[in-house]
Structure formats: structure tokens, C-alpha cells
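Here is how the chains run, residue by residue.
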Amino acid sequence: MLCIAGYNLCKSYNDSNQNIQVLRDSTLEVNEGDLVCITGQSGCGKSTLLHILGLLDAPDSGRVVFGDREISSSFPEAPSIRNKELGFVFQFHYLVEDLTAKENVALPMIISGISSAKAQREASTLLGSLGLGSRLHSYPNQLSGGEQQRVSLARALINRPRIVLADEPTGNLDPEHSAEVWQMMQKLNKDRNQTFVIVTHDIESAKLANLTYNLAQGKLNLLS
Amino acid sequence: MDKLERFFFSRYLKSPKRNLLRFSFVFMTLGIVLSVGILSAGLNLFEGYERSLKEVLLGSFPHLTLQKSSGEYFGETETSLLVQQLTSHSEIDQITPAMNYSVMARNENKVRGANLTGYDFSGKYPVSYAKYIKQGKSTLHSGEIIVGSYLASELGKKLGDQLQVVYPRLDRISALGMFPAEFNFTIVGIYSSGFYESDRSMLISTVEDAQSMLNILPGFGKLEIHLDKEYIDQAADVAATLQGSLGSEYSVYPWTMFSAGLLRLVAMEKWLIFIIFCFLVLIAGINVISAVTTIILDKTNEIAVLKTLGSSSRSIKRMLSYQVGLVALAAIVAGQAFGALLSFIVEKQGLYKLKGDVYFIDSLTASISPLNQVIIFAVAASLVTLCIHYPLRQIDRMQIIELLRNQ
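Residues numbered from 1 in each chain as written. Chains lettered and ligands numbered in written order. Predicted model: local features only at pLDDT ≥ 70, side-chain atom pairs only at ≥ 80, totals over all residues.

With that out of the way, let us pick up the environment of Leu211 of chain A. Residues and elements named next belong to chain A. Mapped onto the elements of the fold, Leu211 is located in strand S9 (residues 211-216). The exposure class assigned to Leu211 is partly exposed, which follows from the 18 C-beta atoms found within 10 Å. Expressed as a C-alpha distance, the spacing of Leu211 and Trp182, which sit 29 residues apart in the sequence, is 15 Å. Residues within four places of Leu211 in sequence aside, it is in contact with Asp34 and Val36. (Helix = DSSP H or I, 4+ residues; strand = E, 2+ residues; numbered from the N terminus. Buried ≥ 20, exposed ≤ 12 C-beta atoms within 10 Å, placed from the backbone. Contact = placed C-beta atoms within 7 Å.)

To continue, consider the interface of chain A and chain B. Counting from both sides, the interface comprises 20 residues of chain A and, opposite them, 17 residues of chain B. Secondary-structure elements contributing two or more residues to the side of chain A that touches chain B are helix H2 (78-84) and helix H3 (101-111) of chain A. Grouping the constituent residues of the side of chain A that touches chain B by class yields eleven nonpolar, six polar and three charged. (Nonpolar A, V, L, I, M, F, W, Y, C, P; charged D, E, K, R; others polar.)

Attention now moves to the pairing of strand S10 (residues 219-222) of chain A. Looking at chain direction, S9 of chain A and S10 of chain A are connected through four bridges and run antiparallel. By the bridge assignment, Leu215 of chain A is partnered in S10 of chain A with Leu220 of chain A. (Pairing = 2+ DSSP bridges.)

Residues and elements named next belong to chain B. Running from N to C, helix H11 (residues 313-348) and helix H13 (residues 370-392) cross one another at 150°; their axes reach a closest spacing of 10 Å. The angle between H11 and H13 falls in the class roughly antiparallel. Every pair of crossing elements has a handedness; the one defined by H11 and H13 is right-handed. Side by side, H11 and H13 meet where Lys317, Leu320, Ser321, Val324, Gly325, Ala328, Leu329, Ile332 and Gln336 of the first sit next to Gln373, Ile376, Phe377, Ala380, Ala381, Val384, Ile388, His389 and Leu392 of the second. Broken down by class, the residue content of the contact of H11 with H13 amounts to twelve nonpolar, five polar and one charged. (Axes fitted to C-alpha atoms, helices over the stretch in contact; angles between N-to-C directions. Parallel < 35°, antiparallel > 145°, perpendicular 65-115°, else oblique. Left-handed = near helix turned anticlockwise from the far one by under 90°.)

Here helix H1 (residues 3-14) of chain B spans 16 Å end to end across twelve residues, near enough to the 16 Å set by a 1.5 Å rise per residue. Taken together, the buried positions of H1 of chain B are Leu4, Glu5, Phe7 and Phe8 of chain B. The buried residues of H1 of chain B occupy an angular sector of 160° when projected down its axis, which confines them to one face. Structural note: H1 of chain B exposes Ser10, Leu13 and Lys14 of chain B on the side pointing more than 90 degrees away from its buried face. Packing partners of the buried residues in H1 of chain B comprise H3 and helix H4 (116-129) of chain A together with H11 of chain B. (Expected span 1.5 Å × (residues − 1). Arc of directions from axis to C-beta.)

Further remarks concern the nonpolar core. Judged by nonpolar contacts, the single largest core of 148 residues is most densely connected at Val36 of chain A together with Val147 and Leu203 of chain B. Counting residues per element, this core draws most heavily on helix H3 (residues 23-60) of chain B, at 14 residues. When residues of this core are assigned to domains, at least three map to each of domain 1 (3-57 + 262-406) and domain 2 (62-254) of chain B. Excluding its chain neighbours within four sequence positions, the residues that come into contact with Val147 of chain B are Ala152, Lys157, Leu163, Ile187, Ile190, Tyr191 and Leu203 of chain B. (Core = buried A, V, L, I, M, F, W, Y, C linked by C-beta atoms within 7 Å. Domains from an automatic or database assignment.)

All names here are of chain A. Here we have six strands laid out as an open sheet, ordered S6-S7-S8-S3-S9-S10, and mixed in their pairing. If you trace the sheet from one side to the other, it starts and ends with strand S6 (86-89) and S10, each paired once. Neighbour to neighbour, the strand axes of the sheet diverge by 20° on average, direction disregarded. In the packing of helix H1 (residues 46-53) onto the sheet, the strands contacted are strand S3 (35-39), strand S7 (163-167), strand S8 (195-199) and S9, and the crossing angle to S8 comes to about 150°.

Here is the structure:
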């Protein structure tokens with residue numbers, strides 16, 4: 001069953017009076033339960049593709065279909081879809097420094113209108129299941145890089161989104177912590193049938209996915 | 001306040017230190033406290049000045065003055081009848097018949113113009129100036145006189161001294177011209193109301209002495225009428241009512257006819273000072289704009305995350321405005337307290353005194369009016385709110401993708 005798709009996506013940027021075409025008629029379909037990896041060289045447009053699918057950016061042309069409806073970042077319901085149906089993990093954890101791990105994870109639920117107390121209870125349970133039960137009250141600067149990224153993953157999962165979009169989630173981690181995060185995403189994919197689209201330049205890790213694409217010259221090519 | 005705003009606000013209330021200790025926050029708070037403090041102190045002192053002046057004016061002068069339209073004196077019987085008739089008016093508190101005229105007070109070569117008022121001390125009529133007698137006694141016998149404090153000081157006279165009072169009488173004409181009547185009085189009291197004009201010219205004697213100086217039959221020149229407190233501001237209306245009941249033979253003059261212009265001028269100055277000092281709050285508002293801009297720059301990361309997670313710009317703006325607003329409101333209240341303290345210090349300080357000949361009264365008094373405090377709070381809060389919301393508008397223009405790219 002189709003979860004999210006981008007059809008004939010084109011996107012270009014102007015840089016120093018030069019027009020750089022990062023996506024050229026690219027098409028990607030992601031089904032429920034897929035773990036999709038997109039690889040490619042730095043600056044090839046992987047993150048741009050992810051941002052377009054995540055309704056954070058708009059393509060110059062092409063369309064994004066979410067489930068059975070076409071959607072765009074400019075639609076009024078886009079913030080609500082980003083909150084409830086999509087989860088985001090970035091290369092830098094982007095945790096709120098003034099909030100504890102538990103409060104950071106609870107944020108998407110509080111934004112969706114659930115009470116802070118209930119959201120924090122849910123967050124505690126989720127962090128416990130991700131092995132961070134002892135770090136609930138730690139602030140981001142008291143956590144290791146791997147722990148920060150796991151908290152970020154928990155925040156992406158708290159609203160039980162249909163799809164998690166991860167942009168270089170291990171790009172900032174050492175090999176040990178990187179493996180830890182990859183294992184966790186694989187486990188969630190298997191155990192909870194959680195759909196992932198992961199952008200990475202780590203070819204070895206990308207082999208763990210059930211679908212791997214390479215983005216080059218603005219075009220997506222299926223690798224495996 | 002939605003759940004997210006409430007969550008961040010309660011979180012902020014639990015540990016506000018991180019924000020409060022920001023450099024820009026400290027200066028924002030200081031700016032508001034100082035500007036509101038100065039605004040508040042200025043208004044408190046002007047309010048105090050206005051009240052003191054009004055109090056002294058109404059204490060020194062009668063609220064209504066009744067005279068014969070022809071300028072003649074009241075006979076004793078007529079005075080009694082008039083007092084009896086006027087006492088039936090509930091607005092009137094006290095009626096004092098008096099004789100009043102201009103004289104010269106002399107001490108050797110020093111001569112000053114003065115205003116001699118003669119009262120009846122037989123106990124038949126009340127007199128109301130006793131509270132202003134700072135030295136000596138307030139009840140007089142023949143040959144005794146009370147002198148205004150500035151007049152006494154200018155003439156170099158003190159209690160117990162003799163004072164020569166000169167009145168140019170038309171019936172004392174010699175071959176060399178008009179010959180003035182001269183009387184010697186013993187100073188038994190010093191009058192000090194705080195109102196320079198009175199203290200500079202006041203002389204009080206018995207009505208009998210005044211009559212013999214003028215060489216007239218027993219009688220009075222005017223009736224000084226004091227109203228009940230609640231009717232003082234309606235003196236003009238009460239005067240019109242009395243005028244109507246007494247007819248054209250008498251003229252009734254309210255205090256507003258002589259002093260209201262001065263009080264209106266002071267009130268206008270007070271509000272002009274208020275408007276000028278409001279600009280100080282506006283200048284402090286620039287610190288608020290700077291502090292909010294710094295917070296936005298500092299929290300760009302947070303704003304990007306919240307927008308990515310589905311929070312609206314409106315909600316983020318309100319979240320930040322509650323945090324800054326709370327500090328700003330606390331600073332305004334602290335500023336008002338600082339203003340009260342400042343005005344108290346100015347009132348109690350002994351270094352600078354008002355010059356009575358310039359400012360009418362010679363003491364600085366602060367008065368904290370609740371209405372003024374509400375106005376200061378409302379104006380300062382409105383200006384600060386504007387200054388908080390102005391920079392917050394940039395959150396609307398922040399694109400998530402730009403924020404993420406710039407990290």
C-alpha cells in the first residue's frame with residue numbers, strides 16, 4: 001500500500017548567478033513498511049528530496065502524494081500532517097536545549113493538543129523502550145551523541161507517524177553509536193512495521209535497507 | 001493559551017534563570033524599571049504639588065466670599081441676619097465675618113505692602129486659620145497682631161516685637177498732604193500656610209483694631225464662607241445658588257474665580273510631563289525590541305524544530321511574547337515601586353527646597369494616586385507590548401527550510 005510518493009519532482013537553486021538543478025524529473029514511491037535508503041554524493045540533492053517529501057519545501061514542478069491525496073508544503077493542513085503523520089530525524093539532533101529528554105520527546109504530542117502530563121507519560125514509555133529509561137530527566141547537553149539521536153528518533157515516533165524521514169541520522173556519530181541507531185531503526189521497521197526513508201552517504205549502512213536508491217545528476221536510480 | 005504555550009510558559013516559570021540572565025534581558029529590564037520609575041516619580045511629585053497647592057489655596061482662602069455689591073460694609077445686625085440665613089444651606093460648613101484691606105507694614109526703613117484682615121475674637125463667629133499658626137497664639141486681643149512668616153522675615157521681626165502698620169486715611173489731611181494713620185502692634189503669632197503669597201502679605205488683627213484704623217463704625221467688609229469638603233469643587237454652583245437666593249444687593253465670589261486658572265495650569269503641566277516621560281518608556285522599548293530580536297536569533301533552532309513538528313508561527317510568537325511579557329510586566333511593577341521610592345526620597349530630602357516666590361509653595365510633596373498608577377501601568381504595558389510584538393513579526397517570515405539550511 002502506497003505510503004508516500006513524489007512524482008516527476010524538479011528543483012533548482014540559484015547560487016552565485018548559477019542555476020543548479022538538483023532534482024530532474026525524479027520519482028520515488030514508498031510503500032507501508034518499507035525501509036528506503038537514498039544515497040548519493042554530498043550536495044547531490046538527497047536532503048532536498050527528503051524536505052520536499054516531508055512538506056518542508058516545495059518542488060519547482062512535480063507532485064507529492066501522501067496516501068491517496070496530493071499534498072504540498074503550502075497547504076494549510078501541511079503543519080498538521082507534519083505533526084501527526086510524519087516524523088523527522090536530522091543529522092543534528094535539533095533537541096530543545098532547555099527541555100529534558102522526556103519533554104523533548106513529548107513536544108509533538110503537546111503540539112497536537114494532548115495534555116503535557118499524558119504526553120510526558122507516553123514519552124517516558126517510548127524512551128524506556130528505546131533503552132533511555134534512565135535518561136528521562138537529562139538535558140540534551142548531558143547526553144552522548146548516540147543518546148541524543150535516539151531521543152530525536154523517539155520524538156519522531158511519539159505520534160505514531162505513518163513514515164519517518166531521516167536526513168543523515170548517523171552522519172554526526174562515531175561508528176559505534178551509528179550502528180546503534182541503525183539497529184534501532186531496523187528493529188522498529190521489523191517489529192512495528194514502521195516506514196522509513198533515510199538519506200545517507202554511508203553505502204554500507206544503506207545495504208541494510210530493503211530498497212536503496214542512488215541520487216546522481218538529479219535522477220534517482222534503484223540500486224537494490 | 002494553547003497546550004504548547006502553557007507547557008513552555010510553565011516550564012519557563014519553573015526555571016526562568018536562563019532567560020533572565022541574558023545580557024539583553026538584563027538591560028531590557030533595567031531600561032523599563034528606570035524609565036517607568038522616572039515616569040512614576042515625576043507624576044507622583046506633580047500630583048503631590050497639585051494637591052498641596054490646592055490644599056493650601058483652599059486652606060488659606062475662603063471657598064466663597066460674600067460682599068455687598070455697592071462696596072459698603074455690613075452692619076452688625078445685617079451680618080447676624082446674613083449668617084443666620086446662610087447657615088440653613090447644607091453645603092456651608094463655616095461663616096466668618098471679616099474686615100480686610102491693604103496696608104503697609106514697617107520696620108524702620110523697611111516697608112512692605114500687606115493685607116490686614118480683622119476677625120471677631122469674641123467667640124460669636126468661628127475663625128479657621130489656627131492650623132497655620134506655627135509660632136505663638138491664634139486668638140488675639142486689642143493691640144496684638146499675627147504676621148505672615150515671609151513678611152516677618154523680610155521685615156526682620158519675630159514674636160514679641162512691635163510692628164508698625166500704616167494706613168493712608170483720607171480724613172487725615174494736613175497742610176503737607178495726606179497724613180497716614182499709624183498703629184503699633186505686638187507680634188503674638190507667626191502665620192505660615194506654605195502658600196508664599198499669603199505668608200508674604202498676611203496680617204491678622206482683631207476686627208475692633210481694624211475698624212479703628214479705618215475709622216468706621218462697627219461692622220464687617222465681607223463674609224468668608226467655607227464649604228463642606230464634598231462641595232469644594234462645586235463652589236461655583238453653590239455661589240450661583242446663594243447669589244440667586246440673596247439677590248443683586250450682594251455679590252458671591254467662588255474660589256475658582258481667583259485660583260482655578262493656576263490649578264488648571266499645574267494639571268496641564270503634570271500631563272505634559274507625563275507625555276514627555278512616556279517617551280523615556282518608548283526609548284526603553286528599543287531595548288525590548290533588541291532583547292526580543294536576540295532571543296529570536298538565539299532560538300532559531302528551537303523555532304525551526306517547532307515549525308517542523310507542526311507548530312504554527314502564531315503559537316511560537318505567543319510563546320515568546322508570554323516569556324518576555326512576564327519579565328516586562330514585572331519590570332513595570334518594579335519601576336512603579338522604584339518611582340514611589342524615588343518620590344519618597346525626593347520628598348524627604350533636605351538639600352533642595354522649592355522657592356515659594358516662584359512655585360507658590362515651598363515644600364515638595366509626593367502623592368501616589370491609584371488612578372495615576374493604573375494609567376502609568378496601562379501606558380507602559382501598551383508601549384512594551386508593541387515593542388515585543390514588532391520584532392516577533394519576523395517569525396512569520398521564517399521559512400523552515402531556510403532555518404534548517406542555515407544551521
